[in-house]
Amino acid sequence: MSGHVPVLLQEAVRLLMEASAPAPRLLLDGTFGRGGHARALLKLMAAEDRLVVIDRDPQAIAAARLLAENDDRVTVLHGEWNDVLDSLPSEGIAGVLLDLGVSSPQLDDAQRGFSFSVDGPLDMRMNPQAGRSASEWLNEAGEQEISRVIWEYGEERFARRIARSIVECRPLHRTGELRAAVLRALPARDKGKHDATRTFQAVRIHVNNELAAIESVLPKLFARLAPGGRMVVISFHSLEDRLVKRFFRECSSPPRVPRSVPVRAESAPAAARLVVRSVTAEAQEIAANPRSRSARLRALERCA
Ligand SMILES: C[S@@+](CC[C@H](N)C(=O)[O-])C[C@H]1O[C@@H](n2cnc3c(N)ncnc32)[C@H](O)[C@@H]1O
């Protein structure tokens with residue numbers, strides 16, 4: 001089982017442990033992965049604190065269960081966030097961490113189908129037991145839908161040509177076949193320098209419904225925070241970060257009051273304050289872990 005180097009580890013853990021929520025603390029790691037952040041939190045948590053960890057990936061959950069066997073402060077929930085929320089308390093959570101995107105073990109294992117650099121089955125599901133694989137979707141979807149996904153989630157300027165090529169090359173069952181379909185769509189001058197990153201990212205985001213999951217879970221998790229509780233989110237591309245930034249801005253702005261209601265600004269406080277507007281990895285971390293290059297951390301604290 002290959003490892004995952006946690007990104008912005010010290011910063012995320014410090015921000016969560018400094019939350020002023022009352023003891024004993026209940027913390028939530030919504031993206032367990034291989035537990036880099038979770039283990040660092042556990043080292044600093046008190047014996048009576050609790051940590052709930054969530055992941056939709058069965059391999060991540062196997063690793064989480066091993067951890068829970070040796071630490072009775074840990075509770076493991078398997079599933080997509082929005083499907084397991086009912087198992088969480090409806091209030092009083094001291095800290096929530098979401099370290100978004102895919103983990104290194106997901107990317108490195110050819111059998112998971114996330115990588116265009118190694119050939120494998122074209123799957124890309126974070127939970128291979130649920131939903132449609134990338135291959136199932138790509139073999140059934142219309143050209144326009146494929147083009148829209150590659151354009152919106154991959155920000156790929158050749159989206160239309162690539163979608164047409166995918167349709168012409170169907171059926172696709174291997175990551176190598178998808179990569180070949182992408183490369184054959186490009187104008188000769190771009191073939192050498194273009195890799196299939198943007199298309200793979202787009203298909204992955206679509207297959208896992210990643211952006212909708214983030215958008216719907218942020219307010220639900222925020223509502224469960226204790227006063228003084230914090231939410232720390234690490235995102236890896238602008239589409240994720242845009243959602244986080246917008247939600248954090250809404251929570252930290254005074255509520256909008258209809259013009260007809262005479263309210264003074266100080267009587268309508270914001271629900272939260274921004275603890276960290278935006279932090280990126282330092283050069284040293286990027287040199288040691290290139291994955292951290294695109295990471296951006298934001299942190300929000302619920303007001304009393
Ligand atoms: C970047 S990794 C987290 C790595 C982890 N912080 C560590 O240090 O090992 C993101 C993890 O979140 C999981 N994940 C992503 N979106 C999810 C969702 N909507 N529901 C549940 N788990 C999700 C993925 O399966 C993946 O294992």
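Remember, predicted model here, so these are calculated numbers, not experimental data.

**Student:** How do you make sense of the domain arrangement of the protein chain when you look at a structure like this?
**Tutor:** Accessible area lost when the parts come together is the quantity often used to give the size of an interface. Looking at the protein chain, the domain boundaries give domain 1 (9-103 + 210-302) and domain 2 (127-207). The gap between the C-alpha centroids of domain 1 and domain 2 is 31 Å. Carbon and sulfur atoms supply 54% of the area that domain 1 and domain 2 bury against each other, a total of about 820 Å² over both sides. When the buried surface of domain 1 facing domain 2 is broken down by residue, P58, E210 and L239 rank first, second and third, together holding 47% of it. Taken together, the connections running from domain 1 to domain 2 amount to two salt bridges. When the shortest N-O distance is used, the salt bridge between R242 and E155 registers 3.7 Å. Our count for the domain 1 to domain 2 interface comes out at two residue pairs in polar contact (both at pLDDT 80 or more). For the side of domain 1 that touches domain 2, the elements supplying multiple residues, two or more each, are α12 (210-223) and α13 (238-252). Considering every element that reaches the side of domain 1 that touches domain 2, the biggest residue donor is α13, with four residues. Considering only residue class, the side of domain 1 that touches domain 2 consists of four nonpolar, four polar and four charged.

**Student:** Is there a simple way to explain the site of the ligand in this structure?
**Tutor:** Taken together, 25 residues surround the ligand, and among them R34, H37, D55, E80 and D99 come closest. G35 is positioned with one of its backbone polar atoms (N or O) 3.2 Å from an oxygen atom of the ligand. For the ligand, whose free accessible area comes to 600 Å², the fraction covered by protein is 99%. In a pocket analysis with a 2 Å cut-off to the grid points, the ligand is assigned to the largest cavity. Here the residues of the shell around the ligand sort into seven nonpolar, 11 polar and seven charged.

**Student:** Looking at this structure, how should I read the side chain of S235?
**Tutor:** Looking at the secondary structure, you find S235 in strand β5 (residues 225-235). Residue S235 is classed as buried on the basis of its relative accessible area, which comes to 2%. In this structure the side chain of S235 is engaged in a polar contact, spanning 3.4 Å, whose partner is the side chain of D241. What S235 contacts, discounting residues up to four positions off in sequence, is L100, E240, D241, S294, A295 and R296.

Rules and cut-offs
Residues numbered from 1 in each chain as written. Predicted model: local features only at pLDDT ≥ 70, side-chain atom pairs only at ≥ 80, totals over all residues. Heavy atoms only, no water. Domains from an automatic or database assignment. Buried area = accessible area lost by both parts, 1.4 Å probe. Salt bridge = Lys/Arg side-chain N within 4 Å of Asp/Glu carboxyl O. Polar contact = N/O pair within 3.5 Å; in protein donor to acceptor, adjacent residues only side chain to side chain. Helix = DSSP H or I, 4+ residues; strand = E, 2+ residues; numbered from the N terminus. Nonpolar A, V, L, I, M, F, W, Y, C, P; charged D, E, K, R; others polar. Near = heavy atom within 4 Å. Areas by Shrake-Rupley, 256 points an atom, 1.4 Å probe, with all protein chains shown as cover. 1 Å grid on protein atoms, 1.4 Å probe; cavity = no way out; pocket = protein on both sides within 12 Å on 5 of 7 lines; lining within 4 Å. Sits in = over half its atoms within 2 Å of the grid points. Buried < 20%, exposed > 50% of the residue type's maximum accessible area, 1.4 Å probe, protein only. Contact = heavy atoms within 4.5 Å.

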